[in-house]
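A closer look at the structure
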Amino acid sequence: MITRETQMEDLLKTQGVITWFIQRGVSPFSCYGAFPDTLERLLELKGVQDVEAFIRELDDFLRSL
């Protein structure tokens, strides 16, 4: 299950996750490569309005793999 505290580096190891993020207008990368913090911090920095909905949709996507 994905939570706010899930590390982005761990998420990006799953095939299809990068594309899923990009399709939703959120780049999961920083200048140094994979974003080196939590999913919550990334979404805050990217200005995602409904963090809970984003995480729920991501979790649904990952369960469908």
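This section reports on the structure supplied with the text.

Procedures and definitions
- Each chain carries its own residue numbering, running from 1 in the direction its sequence is written.
- For a predicted model such as this one, the threshold for reporting local features is a pLDDT of at least 70, and the threshold for listing and counting side-chain atom pairs is 80 or more; totals across whole chains, interfaces and linings nevertheless cover every residue.
- Where side-chain values are given, they derive from all heavy atoms of the structure, hydrogens and water being excluded.
- The term nonpolar core refers to a set of buried residues drawn from Ala, Val, Leu, Ile, Met, Phe, Trp, Tyr and Cys, joined through side-chain atoms within 4.5 Å.
- Residue exposure (1.4 Å probe, protein chains only): buried if accessible area is under 20% of the type maximum, exposed if over 50%, otherwise partly exposed.
- A helix here means a DSSP run of H or I that spans at least four residues, while a strand means a run of E at least two residues long, and both kinds are numbered starting from the N terminus.
- Throughout, a contact is declared for two residues whenever any of their heavy atoms are within 4.5 Å.
- Within 6.5 Å between ring centres, the rings of Phe, Tyr and Trp (the latter by its six-membered ring) count as paired, and their orientation is classed by plane angle as stacked under 30 degrees, edge-to-face over 60, tilted in between.

All right, on to the nonpolar core then. In terms of nonpolar packing, the biggest core is built from 17 residues, with Ile 2, Met 8, Leu 11, Phe 21, Leu 39, Leu 43 and Leu 58 touching the most fellow members. If you list the elements that add at least two residues to this core, you get α1 (8-11), α2 (17-23), α3 (39-45) and α4 (51-64). Each residue touching Leu 43, except ones within four places of it in the same chain, is listed here: Val 26, Val 48, Val 51, Phe 54 and Ile 55.

The next point concerns the environment of Phe 29. For Phe 29, the position within the fold is in strand β1 (residues 29-30). Between the C-alpha atoms of Phe 29 and Leu 11, which are 18 residues apart in sequence, the distance is 12 Å. Excluding anything up to four places from it in sequence, Phe 29 contacts Leu 12, Ile 18, Ala 34, Phe 35 and Lys 46.

Now for the packing of aromatic side chains. For the structure shown, the criterion picks out 4 aromatic pairs. Measuring from centroid to centroid gives 6.0 Å for Trp 20 and Phe 61, while their planes differ by 25°, and the two rings are stacked. Highlighted residues: Trp 20 in helix α2 and Phe 61 in helix α4, separated in sequence by 41 residues. Here the aromatic residues Trp 20, Phe 21, Phe 54 and Phe 61 are joined through ring pairs into a cluster of three or more.

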